[in-house]
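# Results of the structural survey
Here is what each chain is made of, one letter per residue.
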Amino acid sequence: MACRAGTRTGCGLTGARWRAAILLVVCAAGLPGQPPTPLDQVAARKEPDFSPAMEGKPVVVTGQISIRPTHVLDYVHLAIQDKGAGLVLEGKGTQFDQFSPGDWVEARGRVARRGGLPVVVVLKITTVTGGAAPEPRRVKVEDLQSFQYLGLRVNVEGRVVELGENAGGSYLRLGNPENPLKVFLPAPPAGAARKFAGFSVGDRVRVTGVSYQYCANPPYDRHFEVLVDNLSAVELLGHGWGFQIWAYKQWLVALVVPVLIWWYRERNAKAQREMLRTMYGLGEEILEAGSSGEISGRLAAVVPKVFPLTGVRLYFYDRGLKTFNCVTPRLGEKTAEAQSGAFSLESPAGLVESGVAACFENRNLLVMADTRRGPFSLSAREKVVAPRALLFVPMLAQGEPLGVLQFSNEHKARNFSPDEKAAAQHLANQVAVAVKLLQQKSVREQLSRNEKLAAMGRLISGVVNDLQTPIASISSMAEAAIENHPGSAPGHELLVIASEAQRASAIVQRLVSFAQPEQVQAEPVEMNQLLRSLIQFREREWKACGIQLRNLLKEQPLFVMGSQGQLEQVFLNLLVHAEQSLEDATEKRLTVRADVLAKRVFIEIGYNAAELPGAARRTGADSLDAEVNALGLDVCRSIVTGHGGEMRLVHAPGRESTFEIELPWLPMDQAVAHAEAVQNKEPARRWTAMLVEPEEWVERQLLEMLSARGYRVVPVRSSDEGLDLVGRLRFDVVLCSTRLPGLNWVEYFDRVRGRVGAFVLLAEAFSHDLSMHFRGEGRWALLKPIEKNHFERTFEAVEARLLSAEAKASEIESKS
């Protein structure tokens, strides 16, 4: 019966089905002469739907069977592979039951697609030869998520993330839970599905099977899996209890979250308690500290342990100079040293100085969470070296700012919490209180020392007065005994007695001058002669100590205008200090020289003292400020300054240390003229004044005015230094500013009023009422800026009072 294509005939076949039947018959005939097609070409796919490139075409393929025939639903799959390529053969019923893994077979059929997987629907299959099953290829889980290994026998390891069953059989999933690899064990044709018994989520397994693909919605829904033929293809490597526990994650979260919250709060509470204990301990250490450097060192050692900071600095404000002095701790030590770079409050330069000045003026905290984005512009260098985060805290004591405490983080920007700000302010206030206590302690010690020195001076004066009479008697008797032997030489013992009596008399006279300094009129002083007398006075002790003297004084006289007694005290103190410094030196050498240069007399006292370990080499004013006070030579400096000169202490590595004293030179003719004038008229009284004025321009103005009236002026910068000098020397008049570092002018006036003849208050121009109320007996006031006429009238009254007081004292002394 003939059938037309596309119409249903009595045979029940359409034209399309007739063509397929004819194709099957042709394929069954064996397609004589057709060569085998490579497996990789049969498995090739085409874009974009990844369907088999040879779909529907008849092929002949050969390959080695990799696993036993596997029943998948109502068909049987047999995997073969050859030359690194794999392919799945599809048949029905028991078509493949006679084949075993390792057999080489030749199959004829057409290329089809089963769930997206290229397969060859086998029409005829024959065994070519036998052999051993091919070794599986070891791959990773992620490598099987592609077409590369489809149809090949593979071996893969992974951790089980899911177990389950479906209509086709049992499965488990390996690897990443987001994109797992499915391992599928089909159910047998008859009977219940085989389960992966003995496996749990989290177990690590090794699977041997065929790389397979199944698409529920081909061609776009692509799923890759490993097809296994029995349970033995899955080997357990180890249990994963953690993954089993994770199955109860909801309960774990419900249990762990409250524990974590409790632990977090407890940890914070413990940290806060520890911080409070540390802060309390640091506060006690600050109050017990003996200096501002020790305070800074302890802050630097403790604060970085409490707060995430890297540095601490103290800036103390000098009210006299209106500058800030920085105290920086040395690394690894609980002490600190002051930096030499002071800066002015009125003209700060740079980020840090501007922040310190702004914090001090506003008396409030200043936070720079990120200095790169702060309110102050940065220079190119500051962008590299400036800290990333800064906190400036004012140090307040009874509402008075004493300076600024700086906290910094060098490495990263950060904000400061309210608790940190409060703790920083508390620390800064404690530092201010400690510094205030140190200042009060220093004043008390200074006053106590001054009182002891005054008492010792009175004791020495009494002893010396008692010694003067017997020493004078011995000296006169020795001279008389020598005169009674005009014709013969006096005995050696008599000469020794006369010489020692004269020496004892000179010592007593010097003790008297040191204990009660005389106020004498300025006169020409021949410095070479003064130095020679002092050398002669100390030369015997130097020889006994092994000190070698290099006397480089010239015969030419060098005159200066000043007080013989005060200059003698200065140079004697310097020589004694040099002598003491040579005690530990291996080579004891002392050099004294004097000369004139540019109308100035230069005097040098050099000594090769042993170098202090780690001592800085400094000269000039810096040396005096740091070392002269420590050496106890501040009085010498004040006396030299009062004579219009300068005093320097010079250290040079590998060379001797040298005191350099520079004084105004008095020419020979002027010295002779002054001596003649003194002989022709009664000498005028020259007064000694102390000037306590922190402002330099006012100090210079008053120095000129007072020197023009013939005053010897000793300038000081602080009330503490002034109290020390008043206890050591006698002053006729004190000029004191209302703005003093340290004690205020009221306390200072109360402590010196009984020791000086007159007190002149240097008040500001807006303090007119204060100056009017302050004036009284022995008290005067000058308003800044100083007017010359007002100055002259004031000091005429001051000198009249001083002369009157001297006249009364002379009258009382004459009557007694």
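The numbering scheme is per chain: residues are counted from 1 as the chain's sequence reads. At least 70 in pLDDT is required for a residue's local features to be given in this predicted model, at least 80 for side-chain atom pairs to be given and counted, and no such filter applies to totals for whole chains, interfaces and linings, which use all residues. Note that water and hydrogens are dropped before the side-chain values are worked out from all heavy atoms of the structure.

### Some remarks on the packing of helix H4 (residues 249–288) against helix H5 (residues 292–306)
Put simply, the test is: All axes are obtained by fitting lines to C-alpha atoms, using only the stretch in contact for helices, and the reported angles, taken between N-to-C directions, cover 0 to 180 degrees. Counting from the N terminus, the helices are DSSP H or I runs at least four residues long and the strands are E runs at least two residues long. Comment on the angle field: the value is read as roughly parallel under 35 degrees, roughly antiparallel over 145, roughly perpendicular from 65 to 115, and oblique elsewhere. Whether two residues touch is decided by their heavy atoms; if any such pair falls within 4.5 Å, the residues are in contact.
Two numbers describe how H4 lies on H5: the axes approach to 10 Å, and their chain directions differ by 175°. Judged on the interaxial angle alone, H5 and H4 are roughly antiparallel. Of the residues in H5, those touching H4 at Met275, Thr278, Leu282, Glu285 and Ile286 are Ile295, Arg298, Leu299, Val302, Val303 and Val306.

### Considerations on the sheet that holds strand E27 (residues 600–607)
Within a sheet, each strand pairs with its neighbour through backbone hydrogen bonds, oriented either parallel or antiparallel. How we decide: Pairing between strands requires that DSSP locate at least two bridges from one strand to the other.
Taken in spatial order, the five strands of this open sheet run E24-E26-E27-E29-E28, and their pairing is mixed. The open sheet terminates on both sides in strands that have one partner only, identified here as strand E24 (548–551) and strand E28 (646–650). Mean inter-strand twist for the sheet, computed between neighbouring axes without regard to direction, equals 15°. Pairing between E27 and strand E29 (residues 657–664): eight bridges, direction antiparallel. Paired with Val601 across the two strands is Leu663, which belongs to E29. Most of the contacts of helix H11 (residues 564–581) go to E27, to which it runs at about 25°, and overall it touches strand E26 (589–597), E27, E28 and E29.

### Some remarks on the environment of Val111
Residue placement: Val111 occurs in strand E7 (residues 104–114). Measuring from C-alpha to C-alpha, the distance between Val111 and Ala43 comes to 8.8 Å, with 68 residues separating the pair along the chain. The residues contacting Val111, other than those within four sequence positions of it, are Val42, Pro52, Met54, Glu55, Gly56, Lys57, Val59 and Val119.

### Thoughts on the pairing of strand E3 (residues 58–65)
The criterion, for reference: Here's how the labels work: a residue is buried when its accessible area is under 20% of the maximum for its type, exposed when over 50%, partly exposed in between, all with a 1.4 Å probe on protein chains only.
A large share of E3 lies buried, amounting to six of its eight residues. Two strands pair when backbone bridges link them, and E3 and E7 are joined in this way by seven bridges, in the antiparallel orientation. Across the sheet, the residue bridging to Val60 is Arg108, located in E7. Judged from the two bridges that link them, E3 and strand E5 (residues 75–82) form a sheet pairing that is antiparallel. In the strand pairing of E5, Gln64 is matched with Gln81.

### Some details on the sheet that holds strand E32 (residues 733–737)
Read from one edge of the open sheet, five strands run E31-E30-E32-E33-E34, paired in parallel fashion. In this open sheet, the two strands that pair with only one neighbour each are strand E31 (712–716) and strand E34 (779–783). Along the sheet, successive strands turn relative to each other by an average axial angle of 20°, direction set aside. In this structure, E32 lies alongside strand E33 (residues 758–763), joined through five bridges in parallel fashion. Residue pairing in the sheet places Leu735 in a bridge with Val760 of E33. Along the sheet, helix H19 (residues 788–815) contacts E32, E33 and E34; its crossing angle with E34, the most-contacted strand, is approximately 165°.

### Notes on the confidence of the model for the protein
Threshold: Summary of the metric used: pLDDT quantifies the predictor's per-residue confidence within the range 0 to 100.
Confidence in the prediction of the protein, expressed as mean pLDDT, is 79, and 82% of residues score 70 or more. A low-confidence stretch, residues 330–340 (pLDDT under 50), is modelled with 27 contacts involving residues beyond four sequence positions or located in other chains. Within the model, pLDDT remains below 50 along residues 612–626, and this stretch shows 23 contacts once partners closer than five positions in the same chain are excluded.

### Considerations on the pattern of salt bridges
Selection criterion: What counts as a salt bridge is simple: a side-chain nitrogen of Lys or Arg found within 4 Å of a carboxyl oxygen of Asp or Glu.
In this structure the tally under the stated criterion is 32 salt bridges. Salt-bridge contacts for Arg108 lead to Glu106; the nearest nitrogen and oxygen are separated by 3.4 Å. When its relative accessible area of 22% is taken as the criterion, Glu106 is described as partly exposed. Linked by salt bridges that have partners in common, Arg138, Glu157, Arg204, Arg206 and Glu235 make up one network.

### Section: the packing of aromatic side chains
Formally: Planes of paired rings set the category: under 30 degrees apart is stacked, over 60 is edge-to-face and the rest tilted, where pairs are Phe, Tyr or Trp rings (Trp by its six-membered ring) whose centres lie within 6.5 Å.
Counting across every chain of the model gives 11 aromatic pairs. Plain terms: the ring middles of Tyr711 and Phe795 are 5.6 Å apart, the flat faces sit at 85° to each other, and that makes the pair edge-to-face. Here Phe795 lies in helix H19 and Tyr711 lies in the loop between helix H15 (696–708) and E31, a separation of 84 residues in the sequence. For the pair Tyr711 and Phe795, a shared accessibility class is recorded, and that class is buried. Both rings, one in Phe791 and one in Phe795, keep their centres 4.6 Å apart while their planes meet at 40°; by these two values the pair is tilted. Taken together, the residues span about one helical turn, with Phe791 and Phe795 both in helix H19 at a distance of four residues. You'll find Phe791 and Phe795 in the same group, each marked buried.

### Some points on the nonpolar core
Worth spelling out the cut-off: Residues belong to one nonpolar core when they are buried, are Ala, Val, Leu, Ile, Met, Phe, Trp, Tyr or Cys, and are joined through side-chain atoms within 4.5 Å.
Ranked by size, the top nonpolar core spans 61 residues in total, and within it Phe571 and Tyr748 carry the most contacts. Non-local contacts of Tyr748, meaning those with residues more than four positions away in its chain, are made with Met690, Val692, Ser719, Gly722, Leu723, Val726, Val734, Cys736, Leu740 and Phe759.

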